[in-house]
Amino acid sequence: MVINTGTCSFSDMKVWPGRGSRFISKDGKIQLFIGSKVRSLFHQRIKAVKLTWTQDWRRLNKKGRAETVKKRRVRKVVRTQKAYVGATLDDIKRKREEKPEVRAAMRDQALREIKERQKKKAAPQGQKFDKGQGKTAAPKVSKAKGKQKNK
């Protein structure tokens, strides 16, 4: 058996048969109210949207909805190579594509060059000077003679 239920014009609640009251305005619109509280508020011209217990307020403030969970799109991180100071993008790509053996050989060669440079620098520093050859005493100048006025 199907029970015909109406909805309250003010609060959008279900009005079961035998409950509520109807109000027919002068322009012929039929209003169905669930109770006297709702009928009184309607005649006072109070807006249903401003009352927190009405469905209109709940709809406006997004309350009680079964939220449909949307899958957020996950952005795929795209890695890009950028050039930086001292190396262009072509240089970086070329180095990445080199085989490890070639890279190791270049590293060894660079280390050898550094060691040779260090040996060259260390050789002159290792020699000690004799007292006679090292520093030569500069002639002493008296303070009075050192400060001469330009004429």
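Data block above holds the structure.
Cut-offs applied
Residues numbered from 1 in each chain as written. Predicted model: local features only at pLDDT ≥ 70, side-chain atom pairs only at ≥ 80, totals over all residues. Heavy atoms only, no water. Salt bridge = Lys/Arg side-chain N within 4 Å of Asp/Glu carboxyl O. Helix = DSSP H or I, 4+ residues; strand = E, 2+ residues; numbered from the N terminus. Buried < 20%, exposed > 50% of the residue type's maximum accessible area, 1.4 Å probe, protein only. Phe/Tyr/Trp six-rings, centres within 6.5 Å; stacked < 30°, edge-to-face > 60°. Lys NZ or Arg CZ within 6 Å of the ring centre and 35° of its normal. Core = buried A, V, L, I, M, F, W, Y, C linked by side-chain atoms within 4.5 Å. Contact = heavy atoms within 4.5 Å. Pairing = 2+ DSSP bridges.

## Considerations on the pattern of salt bridges
At step 1: A full pass over the atoms with the stated rule returns 3 salt bridges.
At step 2: Between Arg-59 and Asp-12 there is a salt bridge, with its nearest N and O atoms 2.7 Å apart. Of this pair, Arg-59 sits in helix 2 (residues 55-60) while Asp-12 sits in the loop between strand 1 (6-7) and strand 2 (14-15); the two residues are 47 residues apart in sequence, bridging distant segments of the chain.
At step 3: When the shortest N-O distance is used, the salt bridge between Asp-56 and Arg-59 registers 2.9 Å. Of this pair, Asp-56 and Arg-59 both sit in helix 2, 3 residues apart, which is roughly one turn of the helix.
At step 4: Assessed through its relative accessible area of 24%, Asp-56 is described here as partly exposed.
At step 5: Owing to a relative accessible area of 45%, Arg-59 belongs among the partly exposed residues under this scheme.
At step 6: Salt bridges here are not isolated pairs; linked through shared partners, they connect Asp-12, Asp-56 and Arg-59.

## Overview of the packing of aromatic side chains
At step 1: In total, this model carries 2 aromatic pairs according to the counting rule given.
At step 2: Here the aromatic rings of Phe-23 and Phe-42 are separated by 6.3 Å at their centres, their planes lie at 65 degrees, and the arrangement is edge-to-face. Of this pair, Phe-23 sits in strand 3 (residues 21-24) while Phe-42 sits in helix 1 (residues 36-43), and the two are 19 residues apart along the sequence.
At step 3: For Phe-42, a relative accessible area of 29% corresponds to the partly exposed category.
At step 4: For the pair Phe-33 and Phe-42, a centre-to-centre distance of 4.9 Å together with 45 degrees between the ring planes defines the contact as tilted.
At step 5: An aromatic cluster is defined as three or more aromatic residues linked by ring pairs; in this entry it consists of Phe-23, Phe-33 and Phe-42.
At step 6: Lys-37 extends its terminal NZ or CZ atom over the ring of Trp-53, reaching a point 4.3 Å from the ring centre.

## Topic: the nonpolar core
At step 1: By size, the foremost hydrophobic cluster in this structure holds 9 residues: Cys-8, Phe-10, Val-15, Leu-32, Phe-33, Val-38, Leu-41, Ala-48 and Leu-51.
At step 2: Of all elements in the fold, only strand 4 (30-33) and helix 1 reach the threshold of two or more residues within this core.
At step 3: Beyond its immediate stretch of four places on either side in the chain, Leu-41 contacts Phe-10, Ile-46, Leu-51 and Trp-53.

## Quick look at the pairing of strand 4
At step 1: Bridge count for strand 3 against strand 4 is 4 bridges, and the pairing is antiparallel. By the bridge assignment, Phe-23 is partnered in strand 4 with Gln-31.
At step 2: Between the end of strand 3 and the start of strand 4, which pair antiparallel, lie 5 residues, with Gly-28 showing a positive phi angle near 95 degrees.

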